[in-house]
Structures are given as structure tokens and as C-alpha cells.
Amino acid sequence: MPSPLTALLCLGLCLSWRISTQKQALTRTSIWAEPDSRIPEGKPAAIWCQGPPGAEEYQLRSEGGLSAWGRPQRSRARGGVRFPIAAMTSRTAGRYRCFCHSGELWSEPSEPLDLVVTGMYDTPTLWVQPGPTVTSGGNVTFYFRLETVTNTFFLLREGGPSHPQGSHGAVPAVFPEGPVTSARTGTYRCFGAYSAHVWSFPSEPVKLLVTAGLPRGGGRRKVWEVRGEERVGAVLHPISGPSAPAPAAWDHTAQNLLRIGLAVLVLVALTWLLAEDWLCRWRTREGAGRAQAGMD
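Note on numbering: residues in each chain are counted from 1, in written sequence order. Where local features are concerned, this predicted model is filtered to residues with pLDDT of at least 70; where side-chain atom pairs are given and counted, the filter is 80 or more; whole-chain, interface and lining totals use all residues. The basis for every side-chain value is the complete set of non-hydrogen atoms in the structure, without hydrogens or water.

**Points about the pairing of strand E13 (residues 153-157)**
Item 1. Relative accessible area decides the class of each residue, using a 1.4 Å probe on protein chains only: under 20% of the type maximum gives buried, over 50% gives exposed, and in between gives partly exposed. Secondary structure counts use DSSP, requiring at least four H or I residues in a row for a helix and at least two E residues in a row for a strand, with both numbered from the N terminus. With five of five residues buried, E13 lies mostly within the body of the structure.
Item 2. Because side chains alternate across E13, one face comprises the buried residues Phe153, Leu155 and Arg157, and the other comprises Phe154 and Leu156, equally buried.
Item 3. What makes two strands pair is DSSP finding at least two bridges between them. Pairing analysis gives five bridges linking E13 to strand E16 (residues 186-195), with the strands arranged antiparallel. Within E16, the residue paired with Phe153 across the bridge is Gly192.

Given below as C-alpha cells:
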């Protein structure tokens, strides 16, 4: 029959192996929207989630806490799961993240995807001064006006990035730019934002042409934002697909800390038992030695 010391040692080894297994995690999933992350109201869209090979199931979550589940189809060459949105509204707009799992292992959350609905409420007006044609190295200023009450605006160039830079200003919004280079040439549109994910109709396009000249400054692409009063975002609802409560084990940090704490307690108990066993044996030998000495 195995001694309690051997049993505790086996328990500690098994627990340590379990902890090392739980520390493993699937690689982070990728997330993107089709056809774009800015969708006009009423138009269809889709969110793609793609994880590592072998992922068994995906979950798409909005910041509102609702979610949709899906399993990858082997017939799809790219893998992953497509979550369709039949018609874009302010309820389906929001910030999304993807997760996937294989067995008991969950991936880390994907990077956030900000899905924006456009075409809401009103159409802004955009113009540029001193004009749509400017010599390289010169300065231009975009002006933006919207009748609907909002102090948050976005100026975007077609084909440019979608990450806004913030500043504060009055209405009409003013977007100074310069010194400009040929990299600034392009078609620009403005949006008014009623929340972070609910935007107005786009303005009529304004084409900026930068002619030859001595360029000064970088050609870095920009998107500007003028932000005034903060507004409450739209209420998020689940997109197509069955909804389910979020799993409690997405964040493994707390679980791993608990398991590590238990392992430390087991190791401390093992150390104490080993010391007690050694001390008991030492006392027995010491007592036997003294008895032997008395007999002599």
C-alpha cells in the first residue's frame, strides 16, 4: 500500500502537469468585415473570424455582451467562420471580437473590429480652401458643416486608413492640412458621427490635386476627427446565428493563478511532510543509539 507521502508526491506531479497544460492557448484569431468596416444602413455585411487549424468552434462577441456561435465548414478553402448580417442598422454596429477553441483550449481575443453604420439622419457639406488645386508645399483647409446636432466629425480619403486622429473644434469643423505633398492627392469625404459607430451620410466627394513643387514634410496619410460632446453608443443586439451566454473561461489568468496557488500549497505540504518524516527517523535513530549506549 503506498504511503501518504508517495500519494501526495504523485498528486503534486499531476497538478504541475495540469498547470503546464492549461497555460497553453490557441493563437489569436483574426477578424475582419466584408465588404468594409463602414456599411451603409440597410446593406448586407459579414464578419469573418479565422483562427489556427484545428479550431472547433468560434464565438463572435459585441461589447454589449451578446454573441453568436459558428463552426467552420471544411468546404471553405480559407477556413474560419462567416457571420452574416442581413441588413446593417445602428443595432448591429459596434465593436466586435472573436474567440475560438479546440477542446478545452481557448484562443486569446482578436483585435477589436469597429463596425460602423453610415447613412444616418443627414448629409454633410464639405469644401476646401483656398481651392481643390494646390502646389506641393502649400497649405489647404477642409471645412465641414452638418445641420444635425453633433460635434464629432470624420474626414477620410478614399483608400486611406480608417483610424481617426482626434482634435476639438467648433462647427463648422476645420481640418487644416499642410505643408502638403503629392501623397495628399485624392478624393475626400466627410461624415458626422452621432456615436462612435453611427455616422451620417457621406458628403459629396472633394478631389484634392497637389501639383509639382518643392515638397516639404512627410507624405503620411491621415484621417482626422473633431470631437465635441460625447454621446451614448447604440444598443447592440446579436447578429444572425444562435446566441448563447459568454463562456466563463475566456480569461485564463485567474484560473492559472488559482492552480498555481494550489500547486504551491501542495509543494509546501510535501516539504513539511518530508521534513517531519526525516525528523521522526532521526529521533528514532537517536533514541536507538542512546539505548544501545546504555546497554553497553
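**Description of the environment of Gly51**
Item 1. Summarising the element assignment, Gly51 is placed in the loop between strand E3 (45-50) and strand E4 (57-62).
Item 2. Accessibility expressed as a relative area gives 23% for Gly51, which makes it partly exposed.
Item 3. Here the alpha-carbon distance between Gly51 and Leu26, two residues 25 residues apart in the chain, equals 8.2 Å.
Item 4. By definition in these notes, contact holds between two residues if any of their heavy atoms fall within 4.5 Å. If we ignore the near neighbours within four places in the chain, the residues touching Gly51 are Thr29, Tyr58 and Cys100.

**With respect to the confidence of the model for the chain**
Item 1. Each residue carries a pLDDT score, the predictor's own confidence in it, on a scale running from 0 to 100. Chain-level pLDDT for the chain is 75 on average; 67% of the residues reach the 70-or-more range.
Item 2. Low confidence marks residues 214-251, where pLDDT is under 50. Its contacts with residues over four positions away, or in another chain, come to 115 contacts.

**Description of the sheet that holds strand E12 (residues 140-145)**
Item 1. Taken together, three strands build an open sheet; the order of strands is E10-E12-E15 and the sheet is antiparallel. The strands lining the two open edges of the sheet, one partner per strand, are strand E10 (125-129) and strand E15 (173-177). Each strand of the sheet is rotated relative to its neighbour by a mean of 20°, with strand direction disregarded. The angle between two axes is taken between their N-to-C directions and runs from 0 to 180 degrees, where each axis is a line fitted to C-alpha atoms and a helix contributes only its stretch in contact.

**Considering the pattern of salt bridges**
Item 1. Whenever a carboxyl oxygen of Asp or Glu lies within 4 Å of a side-chain nitrogen of Lys or Arg, that contact is scored as a salt bridge. Inspection of every chain in the model, using the stated rule, returns six salt bridges.
Item 2. Note that Glu177 and Arg184 form a salt bridge whose closest N and O atoms lie 2.1 Å from each other.
Item 3. The class of Glu177 is buried, set by a relative accessible area of 6%.
Item 4. We classify Arg184 as buried; its relative accessible area is 7%.

**A closer look at the packing of aromatic side chains**
Item 1. Pairing of aromatic rings covers Phe, Tyr and Trp, the last counted by its six-membered ring, and requires centre-to-centre distances within 6.5 Å; plane angles under 30 degrees mean stacked, over 60 mean edge-to-face, and any other angle means tilted. The final tally for this structure, using the stated rule, is eight aromatic pairs.
Item 2. On the basis of an interplanar angle of 65° and a centroid distance of 4.5 Å, the ring pair of Phe144 and Phe153 is categorised as edge-to-face.
Item 3. Relative accessible area serves as the criterion here: at 0%, Phe144 is assigned to the buried category.
Item 4. Arranged with centres 4.1 Å apart and planes meeting at 20°, the rings of Phe154 and Trp199 form a pair that is stacked. Pair noted here: Phe154 is in strand E13 and Trp199 is in strand E17 (residues 198-199), with a separation of 45 residues, a long-range link. Across the pair, exposure class does not vary: Phe154 and Trp199 are buried alike.
Item 5. Linked through ring pairs, Phe154, Phe191 and Trp199 together constitute an aromatic cluster.

**Here's the deal with the side chain of Glu57**
Item 1. Inspection of the secondary structure puts Glu57 in strand E4.
Item 2. Excluding residues within four positions of it along the chain, Glu57 makes contact with Trp69, Gly70, Arg71, Pro72, Phe99, Cys100 and His101.

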